[in-house]
Amino acid sequence: MQKNFFMIEIGNTIVSFEVLEQCFCCDLNTCHGDCCIEGDSGAPLEEEELDELKKIVPVIWDDISDECRKVIESQGVAYRDEDGDLVTSIVNNRECVFSYTDKDGTRKCAIEKAYREKKISFYKPISCHLYPIRLTEYKDFTAVNYHKWQVCHCAEVLGNKLKLPVYKFLKEPLVRKFGVEWYNELEQAAKDFQETYKNIE
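If you're wondering where the values come from, they're calculated on a predicted model, not measured in any experiment.

Colleague: Would you explain the sheet that holds strand 2 (residues 13-16) in this entry?
Modeller: Either a parallel or an antiparallel arrangement is found when strands of a sheet pair, and the pairing is made through backbone hydrogen bonds. Ordered by their spatial adjacency, 4 strands build an open sheet running 1-2-10-9, and the pairing between neighbours is mixed. One side of each edge strand has no neighbouring strand; the edge strands of this open sheet are strand 1 (7-10) and strand 9 (133-137). Sheet twist, expressed as the average angle between the axes of neighbouring strands with direction ignored, equals 20°. Pairing analysis gives 4 bridges linking strand 1 to strand 2, with the strands arranged antiparallel. Opposite E9, over in strand 2, you have I14 as the bridge partner.

Colleague: Quick question: what am I supposed to make of the nonpolar core here?
Modeller: One broad trend across soluble globular proteins is that nonpolar side chains are buried collectively. Counting 24 residues, the largest nonpolar core has L53, V77, V97, F98 and I111 as its most contacted members. Counting only elements with at least two residues in this core, the list comes to helix 3 (49-60), helix 4 (66-75) and helix 5 (110-116). Leave out the neighbours within four places in its chain, and V97 touches I64, C68, V71, I72, V77, S89, I90 and V91. If you look at the next biggest cluster of nonpolar residues, it comprises 23 residues, including F24, Y146, W182 and Y183.

Colleague: Just checking my understanding: could you explain the packing of aromatic side chains for this structure?
Modeller: The relative placement of two aromatic rings is captured by the distance of their centres and the angle of their planes. With the rule as written, the count across this model stands at 7 aromatic pairs. With a centroid separation of 5.6 Å and an interplanar angle of 50°, the aromatic rings of F24 and F169 are classed as tilted. Here the residue F24 occupies a position in the loop between helix 1 (17-21) and helix 2 (28-31), and F169 occupies one in helix 8 (residues 166-169), the gap between them amounting to 145 residues. When the ring of Y131 is compared with that of W149, the centres are 6.0 Å apart and the planes differ by 85°; the resulting orientation is edge-to-face. Note that Y131 is positioned in the loop between helix 6 (126-130) and strand 9 and W149 in the loop between strand 10 (142-146) and helix 7 (153-162), a separation of 18 residues in sequence. When its relative accessible area of 24% is taken as the criterion, W149 is described as partly exposed.

Colleague: In this structure, what is going on with the environment of N160? I would like to understand it.
Modeller: Tracing the sequence through the fold places N160 in helix 7. Residue classification places N160 among the partly exposed residues on the basis of a relative accessible area of 46%. Linking N160 and R80, residues 80 residues apart in sequence, is a C-alpha distance of 36 Å.

Each value, and the rule that gives it
Residues numbered from 1 in each chain as written. Predicted model: local features only at pLDDT ≥ 70, side-chain atom pairs only at ≥ 80, totals over all residues. Heavy atoms only, no water. Pairing = 2+ DSSP bridges. Helix = DSSP H or I, 4+ residues; strand = E, 2+ residues; numbered from the N terminus. Axes fitted to C-alpha atoms, helices over the stretch in contact; angles between N-to-C directions. Core = buried A, V, L, I, M, F, W, Y, C linked by side-chain atoms within 4.5 Å. Buried < 20%, exposed > 50% of the residue type's maximum accessible area, 1.4 Å probe, protein only. Contact = heavy atoms within 4.5 Å. Phe/Tyr/Trp six-rings, centres within 6.5 Å; stacked < 30°, edge-to-face > 60°.

Okay, here's the thing in C-alpha cells:
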C-alpha cells in the first residue's frame with residue numbers, strides 16, 4: 001500500500017492521507033510569523049468573509065502599519081489574484097494588510113488579536129485558521145489537503161517532536177469549518193487507518 005495515495009471520504013469532502021500522517025505545530029519562536037509576509041498572493045477568502053473584513057477595519061486600524069492602511073485605502077481589503085481567486089490585499093506583493101509586528105518582532109494577525117481582546121466576533125479568515133490545510137472546491141466535493149511550505153519547516157520539526165498530527169493540531173478550525181460530527185468521523189478514520197496500516201506492515 002502506498003500511503004501517499006490514501007484518501008478518506010467524509011460527507012462531501014475528500015481528505016488526503018497527509019492530513020492524518022503529517023505532524024505539525026506552529027513554532028512562532030523560530031519562524032516569527034513569516035507566513036504573514038511570504039508568498040506571492042494574499043490569503044484565500046470565502047465570498048462571505050469579505051463583508052466581515054470590511055466591518056472590522058476600523059477596529060484593527062491602529063494595529064496595522066501605515067503601508068497596510070494605504071493599500072486598504074487604495075485597493076480595499078481584498079482583490080482577485082491571477083487565478084481569479086478572492087484573497088486578502090498585500091503590501092509589496094508580500095505582506096498581508098492585516099498583519100502587524102509585536103514587541104518581539106514577530107508578525108501576527110491583527111484580526112485574531114482583536115478577536116482575543118473580545119472586540120470582534122470574527123476569528124480570522126478560515127484559510128488562515130486552517131493552515132497548513134488548504135481546501136480546493138470542486139463541483140461535487142471539497143478536497144482537504146496538506147500544504148507543504150519551506151517557511152513552515154520548523155513547525156514540522158516541532159510537530160514531529162510532539163508527535164502531533166496536523167488534524168489534531170487543527171481540530172478547532174476543522175470543527176469550525178466542517179462541524180463536530182465531521183471531525184469525529186475524521187478522528188475515527190485516522191485511528192482505523194493507523195491500525196490497518198500497522199497490520200499490513
